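Residues per chain are reported as follows:
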Number of protein chains: 2
Amino acid sequence: MNKTFLSTALLAYSLAAAAQTVSSPDGNVVVAFSLDGSRPQYAVTYKGRDVILPSHLGLELARDKHASRGLDETDLMDGFTVAGVKLDTFDETWQPVWGETRDIRNHYNEMAVTLAQTGGRTMVVRFRVFDDGVGFRYEFPQQKDLVYFLIQDERTEFRMTGDHTAWWLPGDYDTQEQMTQESRLSEIRSRFHDAVNWGNSSVAVFSPTGVQTSLQMRTADGLYINLHEAACVDYATMHLELVDAQTKALTTKLEGSSNAYTPAPAPSRFPLPPAMTFVSHLTPDATGLKGAMQTPCQSPWRTIIVSDDARDMLSSNLILNLNEPCALDDVSWIHPTKYCGVWWEMIVGKSNWHYTDDQPSVKLADFDYSRATPHGRHAANNEKVRRYIDFAAANGLDEVLVEGWNVGWEDWANMWKRDVFDFVTPYPDFDIAALNDYAHSRGVKLMMHHETSSSTQNYEQHLEDAYQLMNRYGYDAVKSGYVGDIIPRGDHHYSQSMNNHYLYCIRQAAKHHVMVNAHEAVRPTGLCRTYPNLVGNESARGTEYEAFGGNRPDHTCILPFTRLQGGPMDYTPGILETQLSTWSSNTSWVRTTVAGQLALYVTMYSPLQMAADLPEHYERPDLAPAFQFIRDVACDWDDSRYLEAEPADYITVARRAKGSDNWFIGGKCDENGRRAAIRLDFLDAGRTYEATIYADAKDAHYETNPKAFTVTKKKVKRGDTLKLTEAPGGGFAVSLMAK
Amino acid sequence: MNKTFLSTALLAYSLAAAAQTVSSPDGNVVVAFSLDGSRPQYAVTYKGRDVILPSHLGLELARDKHASRGLDETDLMDGFTVAGVKLDTFDETWQPVWGETRDIRNHYNEMAVTLAQTGGRTMVVRFRVFDDGVGFRYEFPQQKDLVYFLIQDERTEFRMTGDHTAWWLPGDYDTQEQMTQESRLSEIRSRFHDAVNWGNSSVAVFSPTGVQTSLQMRTADGLYINLHEAACVDYATMHLELVDAQTKALTTKLEGSSNAYTPAPAPSRFPLPPAMTFVSHLTPDATGLKGAMQTPCQSPWRTIIVSDDARDMLSSNLILNLNEPCALDDVSWIHPTKYCGVWWEMIVGKSNWHYTDDQPSVKLADFDYSRATPHGRHAANNEKVRRYIDFAAANGLDEVLVEGWNVGWEDWANMWKRDVFDFVTPYPDFDIAALNDYAHSRGVKLMMHHETSSSTQNYEQHLEDAYQLMNRYGYDAVKSGYVGDIIPRGDHHYSQSMNNHYLYCIRQAAKHHVMVNAHEAVRPTGLCRTYPNLVGNESARGTEYEAFGGNRPDHTCILPFTRLQGGPMDYTPGILETQLSTWSSNTSWVRTTVAGQLALYVTMYSPLQMAADLPEHYERPDLAPAFQFIRDVACDWDDSRYLEAEPADYITVARRAKGSDNWFIGGKCDENGRRAAIRLDFLDAGRTYEATIYADAKDAHYETNPKAFTVTKKKVKRGDTLKLTEAPGGGFAVSLMAK
């Protein structure tokens, strides 16, 4: 964690109403701040082209019952003058514990605008301008006239220059497991209803023009713009509500949500911005309020990544750089992990998490599992887990995830059942001591699983015992899950309190040297820089949906532009037997080719990579040659080069394995197929590499012939070009072993 | 914990619609159950006189979003037939860990009515009929058609026979710290608004005819009726809404509450009962729902204590008997406790809980107290605590409570501040190790204090560490506090989830051998039988209000009829310097005489008794003679005899100290004064007792001459009569030492 600080105060002065500007180190990105009357506003340009037209900044505060006792109620929207502007610059290079590159440069120019409000209060808007975009946040210094406040909503505006193409998810307080929509901004409203996966275990949409971040856009003249946030700590997650031609007012009620408990917030007291403006919309708590704040404090960073080259969106470290440095003293126990697990066969429906059908429901305090009748389809049994351990040991996988090992799965989801799991009691057919011993004897670890069913109070009550159990048996990683509506009722997955919960679990885990991979939790905002034991999240539509009707073939060509901006995703790729009906009664099928599955280990960066298919599939003669790539591929990197990229079309990336001269290349395309031309100019000069190329066969197709792949070997060197054909829904993977 | 079970199944048969009855062992109390069409109803008589006119039973269930996934939505109100009636009888005598008597007889006849609902569901209503009243509850067996359900509200009716006199508190989801009102039922509505203490730190009233339990009434013809509940576990606390002549519908919204977050519940779909009927009204969660249930489960017991002798209301053990036996294997560490503490001088405003005024607020994670400027009025400092330890040691007090010992008091209440305390970090001037060592060297323990500020998630996150700290330093009791609105916002002090929280803390405390005394928590319902480490609660208006404008002189002549029905109260009596202005700038004053203060140690039963005034007051020559009674009085008893009682007028009780032949008598009266005639026919025959009588002086008066008392000694024997005059707002205390 070396850091080089070059921080210098360059300039500090007061000024009148004229715009203040700050540019990126290369001068391409410029932010201008000014007052519109007494309302703060900002604008962003890139290479002289407008990115964000003048847009207001501010927060509306709630009229709380305790206002008279010190909680402030005056909005932080207007009545401001500029009390001071401070410019600064910063340049450091830091090394992540794990990541896409060994070194990350954090280089920006900064402008901190101190705003004084009538009545004596002070707020700071701090801009950091990088070569690839902008981050800004609100800061609330401690002051006698602003000690505590409740947020009705943050009203940060992002006024677009036109009717851009956007890749968006319906804004939702509880789920992001939808297929991304591609449309013009003006089409969001008409497409909204059909874009919602109403069957998800927890849906809470709020506006027919509400969308999630990270939101990727492309302008008609070829600018790529991404809106997201960084370092969301003790604050509610931000959504964006698009003001379009039909908008009459900002949202004041849930629109068609299945979670109808949250009361309607008060309407905004400020004029509507012009059409094609996004306005921030925070996730509410059970009472409809958006956050409780105590000064000194600040909002997360609101991020705008911008470039005229789509590849820059993928290589950007802007969000990581806006997070705080590593908060852990000792990170020696954190390691990238390749794993398999008892999981896919349950997702597909072939076996079960639960153990018995004796009762319509169980209460853990009363039910005696030792006397229960097993139904015979419980997957997490001693025999099967040993089989997975043997498989992992034989194939260089580090860990074996076992879901359904612990009691309580008989009735676990969406019944408002508070005491749903205890996280420490195994099912009778899971011998936790013996299985961990066996795994360790084979050089493998078991990976813990904590499904919380979103009963967060119950989880917190058991958390210490659960982590102690992990320490006792030698687990060092946990996959946690948040399926279903949050208990206590009325709260949401992305509220301030839930964001505090997730971070609480991560911090407590760090004390126990436990790595966390949280599913259905909040979408990440780069906190893995500060807490590198947060090795993964799901927080998007993962491979499991290939068993629930399928993901669109372009899905994985979008995720790196959107979901992965905040941190790695446990996408669980590697389903080589793409036709589930060949081994189960599930009629769904994977919407990629086999070569496309292999590509994901490189294109979907994560320090945690699962080989998600069954061992018996990987061992099949027809699939074993493809599995070789999963065995070989690294999951930690010294260098990464995004070679080709276009949102929802294709991504090609080459990465050099950590501490090695070996490279791996992944290419993934959408339903149209394509030809990739990869110029190997990143290889060491004068050196020979043995390339193993896993490619779609000539007639491969994700629908009609997904399992047709070729494996070819050849010697290559710097300057060579690999020309590879990607089938519709396909891709390729290449390993380059330095000789 | 000896138990004698005489349980026998007497009778089980099916029947048609005719009323089924069950009588108390002495035949005085009779419960009749029948169906009104298909709606269950019950009625109660006492010695042939109506107590409860035919009243409906049932629950309305919520239409939940998850109804289609197994959560039931059909009301449990009608469509019932009687599927079976089972009669039973029970007689045991058990010994409480601490209590008013050594032995408690639990003797009742039982009738369990199994109700079958159209559609196949089953519900049981179980009645237990004691000589002094009735308990009944709903039971929901596990069954395939009733697995989970959400309660919109419980609709248990209690139809009164007339316009009784009632001693009532405004129904409130968050506080019971009001003065009791005495009025006819028909006057509740007009008196409601003025009865609310709107300045309380958390007020959430729901109806102008909503009242709390325990509710004490007296009929025109001299029957005493008390409505309350027993064994409220995993269920919301019950209030009662009176249907009066003006009622148009059951409450659907909060009426004038300062906590306006809870959404309005759906209106009842059933006809309004006749006027003068109470209908149960449960405390909602943040979404307005009243409870989430999983079968098998049951409601708390709804209790009706009835007698034609007011003294029977006070000696009743009906509520304790309806609770489950002790759940703890080892109770050796639980002990009645007399204590003093660093408390009253802060309540009065002479010193402070907090340490510094350096900042308008603090964040525990960031603030360095060791560098803070002390303001000099911090009470919990080493010197003062040693002074209290010395005082306790010199006067036979077991423990010393110290409030304000831990960091965070700078800004602790009602700011929606989540991370308000950590419960483990002392202020710089409180040397926790040295002070505990010193206390132990003097034979005294310190008593822990945990103010949670109602930030329950924060408290639970620190609970294990906090209890471990107590174990480390030798604390064995904690006073906890729940001032202010519940965090997370929208929840209430008496909701199902909060009731689960309180019990969670008690159970976790038991694991650490910690006794709990919870203030501002839910009013008790006899759970101290099951968890005898719950040694006290506040949960009513305590002595502290004598510093906030005063309690009415009849206040302590009501509490034993109401609040104390569910369990002991930490009333913190013993303020012998009744005029606060003599030593502080507080102009409030105690509304009793000194002798009245002494009486409370006997009339207000509690295993936990505080000597709440300052040591320097107890040591004053004019007050030390009165303090001698506080030194002498027991706080655990083998026997108790209620000699005289009338709600809000007077209470006289004699108690024999545990394992001793010594008796203590307390008499307390209202603002009118009275003459008590105490026939000492409970003393051992042929034995002499030295009586020390602490009485109001002739001209004593709570307003004009509160500190005029006399101490006289005389020899007495069985059959003698003590005639004692109680001044207005006064009382007396007598110790009888067996010779």
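Above this text sits the structure in question.
Residues numbered from 1 in each chain as written. Chains lettered and ligands numbered in written order. Predicted model: local features only at pLDDT ≥ 70, side-chain atom pairs only at ≥ 80, totals over all residues. Heavy atoms only, no water.

Engineer: I tried to follow the overall build of chain A on my own but got confused; where do I start?
Structural biologist: Secondary structure assignment for chain A yields 12 helices and 38 strands. Relative to the 2.2 N^0.38 estimate, which gives 27 Å for 739 residues, the radius of gyration of chain A is 26 Å and therefore close to what a compact globule would have. Buried positions account for 67% of the 739 residues belonging to chain A. Surface accessibility of chain A: about 23300 Å² in total, with carbon and sulfur atoms responsible for 47%. On chain A, the mean spot of the 70 positive side-chain charges and the mean spot of the 95 negative ones are 3 Å from each other. (Helix = DSSP H or I, 4+ residues; strand = E, 2+ residues; numbered from the N terminus. Rg over C-alpha atoms; globule rule 2.2 N^0.38 Å. Buried < 20%, exposed > 50% of the residue type's maximum accessible area, 1.4 Å probe, protein only. Areas by Shrake-Rupley, 256 points an atom, 1.4 Å probe, with all protein chains shown as cover. Lys, Arg positive; Asp, Glu negative; His and termini not counted. Charge placed at Lys NZ, Arg CZ, Asp CG, Glu CD.)

Engineer: What exactly am I supposed to notice about helix H6 (residues 432-441) of chain B here?
Structural biologist: Each α-helix winds once per 3.6 residues, and so residues spaced three or four apart point in a common direction. All names here are of chain B. If you check which residues of H6 are buried, you get Ile432, Leu435, Asn436 and Ala439. One face of H6 carries all of its buried residues, which in axial projection span an arc of 95°. Residues of H6 that are exposed and point over 90 degrees away from its buried face: Asp437 and Ser441. Check the buried side of H6 and you find it contacts helix H5 (382-394), strand E26 (445-451) and helix H7 (456-473). Just downstream of H6 lies Gly443, where phi reads positive at about 75°. (Arc of directions from axis to C-beta. Contact = heavy atoms within 4.5 Å.)

Engineer: Could you clarify how one ought to interpret the relation of the copies chain B and chain A in this entry?
Structural biologist: Between the two copies of this chain, the relationship is a rotation about some axis together with a displacement along it. In screw terms, the move from chain B to chain A is a rotation of 180° and a rise of 0.0 Å along the axis, fitting with an RMSD of 0.0 Å. Taken together, these values place the two copies in the relation of a two-fold axis. Minimal C-alpha separation from the rotation axis in chain B is found for Ala286 of chain B, amounting to 3.1 Å. Of the residues that chain B buries at the interface, 98% are likewise interface residues in chain A, meaning the two copies contact each other through the same surface. (Least-squares fit on C-alpha atoms with pLDDT ≥ 70 in both.)

Engineer: Before we go on, may I ask you to explain H5 of chain B in this structure?
Structural biologist: Taking 1.5 Å per residue, 13 residues should reach 18 Å; H5 of chain B reaches 18 Å between its end C-alpha atoms and fits that length. The positive-phi residue at the C-terminal boundary of H5 of chain B is Gly396 of chain B, with phi of around 70°. (Expected span 1.5 Å × (residues − 1).)

Engineer: Just to check I follow, could you spell out the state of the cysteines for this structure?
Structural biologist: Think of a disulfide as a covalent bridge from one cysteine sulfur atom to another cysteine sulfur atom. Applying the stated criterion to the full structure yields zero disulfides over all chains. Cys326 of chain A carries a free sulfur, and the closest cysteine sulfur to it, the one in Cys528 of chain A, is 11 Å from it. Cys232 of chain B forms no disulfide, and the closest cysteine sulfur to it belongs to Cys297 of chain B, at a distance of 13 Å. (Disulfide = S-S within 2.5 Å.)

Engineer: Sorry, what's going on with unusual backbone geometry here?
Structural biologist: When glycine is set aside, most residues are seen to have a negative phi, and most peptide bonds are trans. Residue Ser214 of chain B is bonded to the preceding Thr213 of chain B through a cis peptide linkage, with omega at 0°. Residue placement: Ser214 of chain B occurs in the loop between strand E16 (210-211) and strand E17 (215-218). Although it is not a glycine, Ser454 of chain A sits at a positive phi angle of roughly 65°. Position of Ser454 of chain A among the secondary structure elements: in the loop between strand E26 (445-451) and helix H7 (456-473).

Engineer: Would you mind showing me how to read the interface of chain B and chain A here?
Structural biologist: Many authors give the size of an interface as the accessible area that is lost as the parts come together. Counting residues at the interface gives 46 residues for chain B and 45 residues for chain A. Each partner contributes to the roughly 4100 Å² buried at the junction of chain B and chain A, and carbon and sulfur atoms together form 49% of this total. Inspection of the region where chain B meets chain A yields two salt bridges. Between Arg489 of chain B and Asp285 of chain A there is a salt bridge, with its nearest N and O atoms 2.4 Å apart. (Buried area = accessible area lost by both parts, 1.4 Å probe. Salt bridge = Lys/Arg side-chain N within 4 Å of Asp/Glu carboxyl O.)

Engineer: Which parts of the structure should I look at to understand the sheet that holds strand E27 (residues 477-481) of chain A?
Structural biologist: Hydrogen bonds along the backbone pair up the strands of a sheet, which may run parallel or antiparallel. Residues and elements named next belong to chain A. Read across the sheet, seven strands follow the order E29-E28-E27-E26-E25-E24-E30 without closing on themselves; strand pairing throughout is parallel. The sheet terminates laterally at strand E29 (534-537) and strand E30 (608-610), the two strands that pair on one side only. Between one strand and the next, the sheet's axes are offset by a mean angle of 25°, whatever the strand orientation. Judged from the three bridges that link them, strand E28 (residues 515-519) and E29 form a sheet pairing that is parallel. Counterpart to Val516 in the pairing with E29 is Leu534. Seen against the sheet, helix H5 (residues 382-394) touches strand E24 (337-342), strand E25 (399-402) and E26 and runs at an angle of roughly 155° to E24. (Pairing = 2+ DSSP bridges. Axes fitted to C-alpha atoms, helices over the stretch in contact; angles between N-to-C directions.)

Engineer: For this particular structure, what's the right way to read the pattern of salt bridges?
Structural biologist: Pairing is possible between side chains of opposite charge, provided their charged atoms come close. For the structure shown, the criterion picks out 88 salt bridges over all chains. The partner of Asp357 of chain A in a salt bridge is Arg377 of chain A, with the nearest N and O atoms 3.5 Å apart. In this pair, Asp357 of chain A sits in the loop between helix H4 (344-348) and H5 while Arg377 of chain A sits in the loop between H4 and H5, placing the two residues 20 residues apart along the sequence. Two residues, Asp554 of chain B and Arg552 of chain B, come together in a salt bridge whose shortest N-O distance is 3.0 Å. Owing to a relative accessible area of 8%, Asp554 of chain B belongs among the buried residues under this scheme. The structure contains a network of salt bridges with shared partners spanning Glu60, Asp75, Asp153, Arg155, Arg269 and Lys290 of chain A.

Engineer: In this structure, what is going on with the packing of aromatic side chains? I would like to understand it.
Structural biologist: Between two aromatic rings, the relevant description is the distance of the centres plus the angle of the planes. Applying the stated rule across the entire model yields 64 aromatic pairs over all chains. A centroid spacing of 6.2 Å and a plane angle of 40° characterise the contact between Phe136 of chain B and Phe158 of chain B, whose relative ring orientation is tilted. Linking Phe136 of chain B in strand E11 (residues 133-140) with Phe158 of chain B in strand E13 (residues 157-159), this pair joins segments that are 22 residues apart in sequence. Take Phe158 of chain B: its relative accessible area is 0%, and that puts it in the buried class. Centre to centre, the rings of Trp168 of chain B and Phe192 of chain B are 6.5 Å apart; their planes meet at 5°, and the pair counts as stacked. With a gap of 24 residues between them, Trp168 of chain B in strand E14 (residues 165-168) and Phe192 of chain B in helix H1 (residues 188-195) connect regions that are remote in the sequence. For the pair formed by Trp168 of chain B and Phe192 of chain B, the shared burial category is buried. Put simply, the rings of Trp353, Trp409, Trp412, Phe421, Phe423 and Tyr459 of chain A pair up and form one aromatic cluster. The ring of Trp589 of chain A is capped by Arg591 of chain A, whose NZ or CZ atom sits 3.7 Å from the centre of that ring. (Phe/Tyr/Trp six-rings, centres within 6.5 Å; stacked < 30°, edge-to-face > 60°. Lys NZ or Arg CZ within 6 Å of the ring centre and 35° of its normal.)

Engineer: Help me understand the sheet that holds strand E36 (residues 709-717) of chain A, please; the structure alone is not making it clear to me.
Structural biologist: All names here are of chain A. With antiparallel pairing, the six strands of this open sheet are ordered in space as E31-E32-E33-E38-E35-E36. Of all the strands in the sheet, just strand E31 (637-646) and E36 have a single pairing partner and so form its edges. Averaged over neighbouring strand pairs, the angle between their axes works out to 15° when direction is ignored. Bridge count between strand E35 (residues 688-696) and strand E38 (residues 731-738): seven bridges; the pairing is antiparallel.

Engineer: Honestly, the side chain of Arg39 of chain A in this entry has me stumped. Any pointers?
Structural biologist: Its location among the elements puts Arg39 of chain A in strand E4 (residues 39-46). In this structure, Arg39 of chain A is buried with no salt-bridge partner, the nearest side chain bearing the opposite charge being Glu157 of chain A at 4.2 Å.

Engineer: Please clarify how the environment of Cys326 of chain A should be interpreted in this entry.
Structural biologist: Within the secondary structure layout, Cys326 of chain A lies in the loop between helix H3 (318-321) and E24. Sequence spacing of Cys326 of chain A and Leu527 of chain A is 201 residues, and the spatial spacing of their C-alpha atoms is 9.1 Å.

Engineer: I keep staring at the environment of Val82 of chain A and nothing clicks. Help me out?
Structural biologist: Residues and elements named next belong to chain A. Secondary-structure assignment places Val82 in strand E8 (residues 80-94). With a relative accessible area of 17%, Val82 lands in the buried category. In the structure, Val82 is positioned 42 residues away from Val124 in sequence and 9.6 Å away in space, judged by C-alpha atoms.

Engineer: When you look at the packing of helix H9 (residues 594-603) of chain B against helix H11 (residues 624-632) of chain B in this model, what are you seeing that I'm missing?
Structural biologist: All names here are of chain B. In contact at an axis separation of 10 Å, H9 and H11 are set at 5° when each is read in the N-to-C sense. The angle between H9 and H11 falls in the class roughly parallel. Along the contact surface, H9 presents Val594, Leu598, Tyr601 and Val602, while H11 presents Ala626, Phe629 and Ile630. Split into classes, the residues belonging to the contact of H9 with H11 amount to seven nonpolar, no polar and no charged. (Parallel < 35°, antiparallel > 145°, perpendicular 65-115°, else oblique. Nonpolar A, V, L, I, M, F, W, Y, C, P; charged D, E, K, R; others polar.)

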